[in-house]
Amino acid sequence: MHQRVYHLKPCKTLTLLLSLLMALSGCTNDHNTNVITGALTQTLHIGNGAEPQDLDPHIVTGVTEHRIISALLEGLVGKDPKTLKPIPAVAESWHISDDRTHYRFRLRKNARWSNGDPVTAQDFVYSWKRILSPGLGAEYAYQLYSVLNAEAYHKGRLQDFTQVGVTAVDDHTLDVTLTNPTPYFLAILDHYSTYPVHRKTIEKFGSMDKRGNRWTKPENYTGNGPFTLKSWALNRIIKVEKNPTYWDAGNVKLNAIHFYPVENASTEERMFRTGQLHITSTLPAEKIAVYRQKNPDQLYINPYFGTYYYLFNTRRPPLDDKRVRQALAMSIDRNSIVTNITKGGQRPAGAFTPPNTLGYTAPTQIPFDPVRAKALFEEAGFPAGKNFPTLELVYNTSESHRKIAVAIQQMWKKHLNININLTNQDWKVYLARRKSGDYDIARAGWIGDYLSPNAFLEIFTRDSGNNHTGWSDPEYDARMQKSQRASNTNKRMEWFGQAEQLLLEAAPIAPIYTYTNVYLRSADVQGWHPNILDHHPYKYVYLSGSHD
């Protein structure tokens, strides 16, 4: 192990500290990288995978957006960076009733928006009303369905929001009433969909339920998190700076974070290797062995609570026939994909919920069974693929997604004798096509927002804004509702199992593998604790300025 001494190029804008370091070192270097200067200015440089769709917490649905929004906004509850247990955030404390259906949150009196306004209980009432407003079309509105009458309001059956179970008792006391006890409710409150937004800023640029509101522009953004939005150069960089009005600003060590929307994993790896990034969002599969051998201290492969899968648009023939969907799902050799393509410890997935989630594992799996797949195709009227139309498979731009798509395209040709066209599109276009149903087959990935099978299975209920398959089943919804009303954990898990069994039999999706989180991280980065949700509150992160 060794220490690296940093030698910096003189520059008029360098701080006195940098000048002193230069004087002490007695020499210069023309290759001042982001990693070198970042350690001294406490500026973290992160590869973020893609250009974010938006920075409105009530509109977005992706990990790309979450990484940035979690720096700009804060909810009632946070997560311990090591254990993921709920910890105080805007709420300094809370009380839960004996029947676990009533929560009273005490908000911090020193919580402030970035413009200096106090963060109040009314801000949360307004924000939850906004995400539940039918006109906003928020895909994550169902996250709050456990709140009394929230679902009825969102579906338009209830017009009076005062009957929804969220009430501002006073400026610093928020009461929440649930329909049923919900074990993961506190964990939900750390999800960006439940974060507050600043009412005056929202309404300055449009109505509560206007999508594409200009409030998210850097010059307009008002947040309550540890950082503020400084600039957003499309497809180049998003910069955030430490927020001096944040209630815990004294414990925030980073001065700035720069997020780089780099879709090409090879480019991102090269940026890391040349000192432009402290952390990457991923790593090309072909580089994993190289880093294992040469730089194992920079390579991280951690369990990740997510599933990589394909969506079938069940509104379009012949994908409206479940036998066709089952055959497609059974013709995917998942072992081959994780062994020969991803190579990062991913596990083949025959079910949607990752195995052993709080002790739950799906009771059935979709097998790799080409013989059965061919029989199903014949039953559906496509013997040996005859008369089967050419379908389109859409994926967002990524070399890894392309390789997997090509492999599955070849598997479907080999086992079913069908032709599939592949189309890659940038993140925003890809999301828009999925949401509008403008696809045949689409690549997808789902990362659980909290540790429960419900975080996966609820997205295929009829009213979930994240169900883009066109498939729904009243019996599936009924089983999921029964899981919510279950009197104990064992019974709840049984209902999850019965629901997932129905989902896998209907096959509106084809699970492919359970994720691992494969990325590179500089030894400078401290306070970044690997965990299954990949949650890293930036208030705990800092840069040490040396390599072990």
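Keep in mind that this is a model prediction, so the values were computed, not measured. Here the residue numbers are simple positions, counted from 1 along each chain's written sequence. Whole-chain, interface and lining totals are the exception, using all residues; otherwise, since this is a predicted model, local features are given only for residues with pLDDT of at least 70 and side-chain atom pairs are given and counted only at 80 or more. Each side-chain value is derived from all of the structure's non-hydrogen atoms; neither hydrogens nor water enter the calculation.

Caption draft 1: Representation of the pairing of strand 13 (residues 391-396) in the model. When accessible area is computed with a 1.4 Å probe and restricted to protein chains, residues below 20% of their type maximum are described as buried, those above 50% as exposed, and intermediate ones as partly exposed. Where helices and strands are cited, they refer to DSSP runs of H or I of at least four residues and of E of at least two residues respectively, numbered from the N terminus. Here strand 13 lies mainly inside the structure; six of its six residues are buried. Residues Leu-391, Leu-393 and Tyr-395 line one face of strand 13 and the alternating positions Glu-392, Val-394 and Asn-396 line the opposite face, and both faces are buried. One requirement defines pairing of two strands: DSSP has to find at least two bridges between them. Two strands pair when backbone bridges link them, and strand 13 and strand 14 (residues 420-425) are joined in this way by six bridges, in the parallel orientation. Within strand 14, the position partnered with Tyr-395 by the bridge is Asn-424. In the classification by handedness, the crossover that spans strand 13, the intervening helix 13 (residues 399-416) and the parallel strand 14 is right-handed. In this sheet, strand 15 (residues 441-447) lies alongside strand 13 in parallel orientation, the contact comprising two bridges. Paired with Leu-393 across the bridge in strand 15 is Ile-441. For crossovers, right-handed means that the path from the first strand over the helix to the second runs clockwise, given strands pointing away from the viewer.

Caption draft 2: Quick peek at the packing of aromatic side chains. In summary, the pairing rule links any two rings of Phe, Tyr or Trp, Trp by its six-membered ring, whose centres are within 6.5 Å, and it sorts them by plane angle into stacked for under 30 degrees, edge-to-face for over 60 and tilted for everything else. Applying the stated rule across the entire model yields 27 aromatic pairs. Here Phe-377 and Phe-382 contribute two aromatic rings whose centre-to-centre distance is 5.9 Å and whose plane-to-plane angle is 50°, an arrangement assigned as tilted. In terms of burial, Phe-377 and Phe-382 fall into one category: buried. Note that Arg-108 overlies the ring of Trp-247, its terminal NZ or CZ placed 3.6 Å from the centroid. Only Lys NZ and Arg CZ are tested; either one counts as a charge over a ring when it is within 6 Å of the ring centre and within 35 degrees of the ring normal. Taking the ring centre of Tyr-542 as reference, the NZ or CZ of Lys-253 above it sits at 4.2 Å.

Caption draft 3: Just the packing of helix 11 (residues 334-342) against helix 13, in detail. At a closest axis distance of 11 Å, the pairing of helix 11 and helix 13 adopts a crossing angle of 140°. Accordingly, the angle class assigned to the pair helix 11 and helix 13 is oblique. For the crossing formed where helix 11 meets helix 13, the hand is right-handed. Of helix 13, the residues touching helix 11 (which contributes Ser-336, Ile-337, Ile-341 and Thr-342) are Lys-403, Ile-404, Ala-407, Ile-408 and Met-411. To get an axis, fit a line to the C-alpha atoms, keeping to the stretch in contact for a helix; angles then go from 0 to 180 degrees between the N-to-C directions. Each angle receives one of four descriptions, namely roughly parallel if under 35 degrees, roughly antiparallel if over 145, roughly perpendicular if within 65 to 115, and oblique otherwise. A clockwise turn of the near helix away from the far one marks a right-handed crossing, whereas an anticlockwise turn of less than a right angle marks a left-handed crossing. It only takes one pair of heavy atoms within 4.5 Å for two residues to be counted as in contact.

Caption draft 4: Broad picture of the pattern of salt bridges. Salt bridges are defined as contacts in which a side-chain nitrogen from Lys or Arg sits within 4 Å of a carboxyl oxygen from Asp or Glu. Inspection of the entire model under this criterion finds 21 salt bridges. Between Lys-155 and Glu-151 there is a salt bridge whose closest N-O contact spans 2.4 Å. Here the salt bridges do not stand alone but share partners, grouping Arg-316, Glu-392, Arg-433, Asp-438 and Asp-440 into one network.

Caption draft 5: Just the sheet that holds strand 5 (residues 102-107), in detail. One open sheet holds the four strands; their spatial order is 4-5-7-6, and the pairing between them is antiparallel. Because the sheet does not close on itself, it has two edges, and the strands there are strand 4 (91-96) and strand 6 (166-170). The mean inter-strand angle of the sheet, taken between neighbouring strand axes irrespective of direction, is 20°. Sheet analysis places strand 4 next to strand 5, joined by five bridges and oriented antiparallel. Considered in strand 5, the bridge of Ala-91 is made with Leu-107. Helix 4 (residues 121-132) rests against strand 5, strand 6 and strand 7 (173-177) of the sheet, and its axis sits at about 165° to strand 6.

Caption draft 6: Looking closely at a positive patch on the surface. Among the surface-exposed residues, Lys-204, Lys-210, Arg-214, Lys-217 and Lys-428 lie close enough to one another that they form a single positively charged patch. Within the secondary structure layout, Arg-214 lies in the loop between helix 7 (199-204) and strand 8 (227-233). Residues enter a patch when their relative accessible area is above 30% and they make no salt bridge; the linking distance is 9 Å between like charges and 5 Å between nonpolar side chains (Val, Leu, Ile, Met, Phe, Trp, Tyr). Accessibility throughout is a Shrake-Rupley quantity obtained with a 1.4 Å probe, and a residue counts as covered only by protein chains that appear here. The charge count includes Lys and Arg as positive and Asp and Glu as negative, but it does not include His or the ends of the chains. Note that the charge is assigned to NZ on lysines, CZ on arginines, CG on aspartates and CD on glutamates.

Caption draft 7: Layout of the nonpolar core. Residues belong to one nonpolar core when they are buried, are Ala, Val, Leu, Ile, Met, Phe, Trp, Tyr or Cys, and are joined through side-chain atoms within 4.5 Å. Core analysis: the biggest nonpolar cluster contains 152 residues, and Phe-105, Tyr-310 and Trp-412 have the highest contact counts within it. Of the residues forming this core, the biggest block, eight residues, is contributed by strand 11 (residues 299-312). Excluding residues that lie within four positions of it along the chain, Phe-105 makes contacts with Leu-76, Val-77, Ala-91, Ser-93, Trp-94, His-172, Thr-173, Leu-174, Val-176, Phe-185, Leu-186 and Leu-189. If you look at the next biggest cluster of nonpolar residues, it comprises 12 residues, including Leu-277, Leu-283, Ile-288 and Leu-520.

Caption draft 8: Summary view of the environment of Arg-236. Along the chain, Arg-236 falls in the loop between strand 8 and strand 9 (237-242). For Arg-236, a relative accessible area of 62% corresponds to the exposed category. Along the sequence, Arg-236 and Ala-506 sit 270 residues apart, while their C-alpha atoms lie 42 Å from each other.

Caption draft 9: View of the confidence of the model for the chain. Per-residue confidence for the chain gives a mean pLDDT of 93; residues scoring 70 or more make up 94%. For every residue, the pLDDT score states the predictor's confidence, bounded by 0 at the bottom and 100 at the top. Across residues 1-30 the pLDDT falls below 50, and counting only partners more than four positions away or on other chains, this stretch makes 41 contacts in the model.

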